[in-house]
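Remarks on the overall topology
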Amino acid sequence: MPNASSWSASSPLLLLWEDSSGTRIFLSLLYAVLAISGTLSNVMVIYLVFSFKKLQTTSNAFIVNGCAADLSVCALWMPQEAVLGLLPPNSSSLRSAEYRLLRGGLLGLGLTVSLASHLLVAFNRYVLITKLPSVYQALYQRRHTGCMIGLSWALALLPVPLLPGLWTLGSAQSDGSSRYTALLLALAVLGQTALLLHCYLGIVRRVRGSAKRRVSVLNFHLLHQLPFPAAPPPPRRAQRRLSSVSVLLLCCVFLLGTQPLVWVSLLGFFLRPAPPALQAASWLLLCSLSALNPLLYTWRSEEFRRAARSVLPRGEGPAAAPRPANAAAGP
């Protein structure tokens with residue numbers, strides 16, 4: 001019976017080799033569904049942002065960055081896992097160190113940039129809503145925004161030289177190495193989660209207590225409206241309540257996807273390894289965020305809904321067709 005280290009290093013679906021064929025087929029189908037839905041939703045968000053000028057804001061630039069990273073997981077990594085789960089455990093494809101390195105690189109790159117994009121979006125919205133417009137405009141110039149996006153990919157590429165060593169460790173060393181790797185991963189996700197919650201809870205406090213300017217947490221496409229009017233009407237109580245619920249719902253979904261892996265990893269490092277099935281479930285929840293992220297950030301945006309209706313079948317008609325970003329301002 002394989003131990004926890006062999007399970008984590010060589011299993012294609014984060015499962016034990018002796019798991020039943022029915023379980024493997026079920027999870028292969030689950031990966032296939034996540035891959036198809038996640039690829040379509042991420043591609044749709046990217047297409048809408050590039051096609052509609054009103055959606056081309058700084059916050060949406062970070063969302064597109066996250067969607068591009070999520071495509072690495074949904075369009076490249078998940079389909080391979082779905083196929084490999086249907087192969088016999090002794091297949092040569094599953095035991096190739098180079099192929100495992102490729103799959104691990106796709107997953108690590110996508111998840112790292114995706115989590116960084118979550119934080120960039122949260123901080124962007126926090127500055128937009130809680131700081132003066134002049135501060136926001138000075139911080140989020142086009143050059144600065146590009147540097148932030150490039151930095152998220154650079155940080156994700158830093159561990160790549162270490163991956164071959166992690167994959168080729170012997171069985172005597174793999175257990176200790178995997179424990180420390182899991183600890184670093186847990187601490188990184190925990191720190192990112194703390195910063196993200198600080199930003200969103202700060203937004204909730206500002207929206208609830210603000211009576212100086214109208215702020216909608218539901219639609220963050222406000223860059224083109226800056227600077228704010230001198231004396232806009234205060235937000236209605238119902239709008240503030242709905243805005244707070246939307247932000248808290250986003251935080252709850254994010255916590256549900258990330259925290260199981262954090263605490264399973266910490267449990268394995270300080271006490272004893274969690275059951276393999278629990279480890280697999282925590283990884284699956286984290287990977288499923290790549291398919292849910294586009295919906296988390298667009299489901300309450302009227303601009304995104306209007307743009308989606310105009311390009312989907314039975315939309316609003318030719319008048320609502322997407323307009324190229326570089327089109328002239330005239331009719």
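These numbers were taken from a predicted model, which means no experiment stands behind them. (Residues numbered from 1 in each chain as written. Predicted model: local features only at pLDDT ≥ 70, side-chain atom pairs only at ≥ 80, totals over all residues. Heavy atoms only, no water.)

Let's shift gears to the overall build of the protein chain. For the protein chain, the count of helices and strands is twelve helices and zero strands. Scanning the protein chain from its N terminus toward the C terminus, one meets helices and strands in the order α-α-α-α-α-α-α-α-α-α-α-α. Scored against the burial criterion, the 331 residues of the protein chain give a buried share of 45%. For the protein chain, the share of sequence-separated contacts (at least 6 apart) that also reach a separation of at least 24 residues comes to 76%. Entry remark: accessible area of the protein chain is about 17000 Å², with carbon and sulfur atoms responsible for 70%. (Helix = DSSP H or I, 4+ residues; strand = E, 2+ residues; numbered from the N terminus. Buried < 20%, exposed > 50% of the residue type's maximum accessible area, 1.4 Å probe, protein only. Contact = heavy atoms within 4.5 Å. Areas by Shrake-Rupley, 256 points an atom, 1.4 Å probe, with all protein chains shown as cover.)

Time to look at the side chain of N293. Here N293 lies in helix α11 (residues 276–298). Of note is the side chain of N293, whose polar atom sits 3.1 Å from the side chain of D70. Apart from residues lying up to four places away in sequence, N293 is in contact with D70, S114 and H118. (Polar contact = N/O pair within 3.5 Å; in protein donor to acceptor, adjacent residues only side chain to side chain.)

For the rest of this paragraph, the subject is the packing of helix α2 (residues 21–51) against helix α3 (residues 58–84). Helix packing for two helices is described by the angle between their axes and how far apart those axes are. Contact pair α2 / α3: the axes reach a minimum separation of 8 Å and the direction vectors enclose 155°. The angle between α2 and α3 falls in the class roughly antiparallel. Between α2 and α3 lies a crossing whose hand is left-handed. (Axes fitted to C-alpha atoms, helices over the stretch in contact; angles between N-to-C directions. Parallel < 35°, antiparallel > 145°, perpendicular 65-115°, else oblique. Left-handed = near helix turned anticlockwise from the far one by under 90°.)

Attention shifts here to the pattern of salt bridges. Here the structure, examined in full by the defined rule, presents four salt bridges. Salt-bridge contacts for R306 lead to E302; the nearest nitrogen and oxygen are separated by 3.7 Å. Of this pair, R306 and E302 both sit in helix α12 (residues 302–311), four residues apart, which is roughly one turn of the helix. Here R306 falls in the partly exposed class, since its relative accessible area comes to 33%. R306 is paired through a salt bridge with E303; the nearest N and O atoms lie 3.4 Å apart. One end of the pair is R306 and the other is E303, both in helix α12 and three residues apart, which spans about a single turn. For E303, a relative accessible area of 16% translates into the label buried. One network of salt bridges, with partners in common, ties together E302, E303, R305, R306 and R309. (Salt bridge = Lys/Arg side-chain N within 4 Å of Asp/Glu carboxyl O.)

For the protein chain, mean pLDDT is 74; residues scoring 70 or higher make up 69% of the total. Here residues 164–174 is modelled with pLDDT under 50, and outside its nearest four sequence neighbours on either side it reaches ten contacts, counting other chains as well. With pLDDT under 50 throughout, residues 211–242 is counted as low confidence; its partners more than four residues away or in other chains account for 62 contacts. (pLDDT = per-residue confidence, 0-100.)

The geometry of α3 relative to α11 is characterised by a closest axis approach of 9 Å and an angle of 145° between their N-to-C directions. At the point where α3 passes α11, the crossing takes the left-handed sense. In this structure, α3 uses I63, C67, D70, V73, C74, W77 and M78 to contact α11, whose residues at the interface are C287, S288, S290, A291, N293, P294 and Y297. Along the lines of polarity and charge, the residues of the contact of α3 with α11 split into ten nonpolar, three polar and one charged. (Nonpolar A, V, L, I, M, F, W, Y, C, P; charged D, E, K, R; others polar.)

Right, let's talk about the packing of aromatic side chains for a bit. The tally for this structure, following the rule as stated, stands at four aromatic pairs. When the centroid spacing of 5.5 Å and the interplanar angle of 75° are considered together, the rings of Y31 and W77 count as edge-to-face. Of this pair, Y31 sits in helix α2 while W77 sits in helix α3, and the two are 46 residues apart along the sequence. Comparing Y31 with W77 shows no difference in burial state: the two are buried. Ring centres of F269 and F270 lie 4.9 Å apart, and the angle between their planes is 85°; on these two criteria the pair is classed as edge-to-face. (Phe/Tyr/Trp six-rings, centres within 6.5 Å; stacked < 30°, edge-to-face > 60°.)

What follows is about the UniProt feature "transmembrane region" (unreviewed entry) in the protein chain. The sites that UniProt annotates as "transmembrane region" (unreviewed entry) are residues 25–50, 62–80, 100–123, 144–162, 182–204, 245–271 and 277–299. A distance of 35 Å separates the end C-alpha atoms of residues 100–123, which is 100% helix and 0% strand. In residues 182–204, helix accounts for 100% and strand for 0%; the two terminal C-alpha atoms are 32 Å from one another. (UniProt positions renumbered as here; feature names shortened; annotations may be inferred.)

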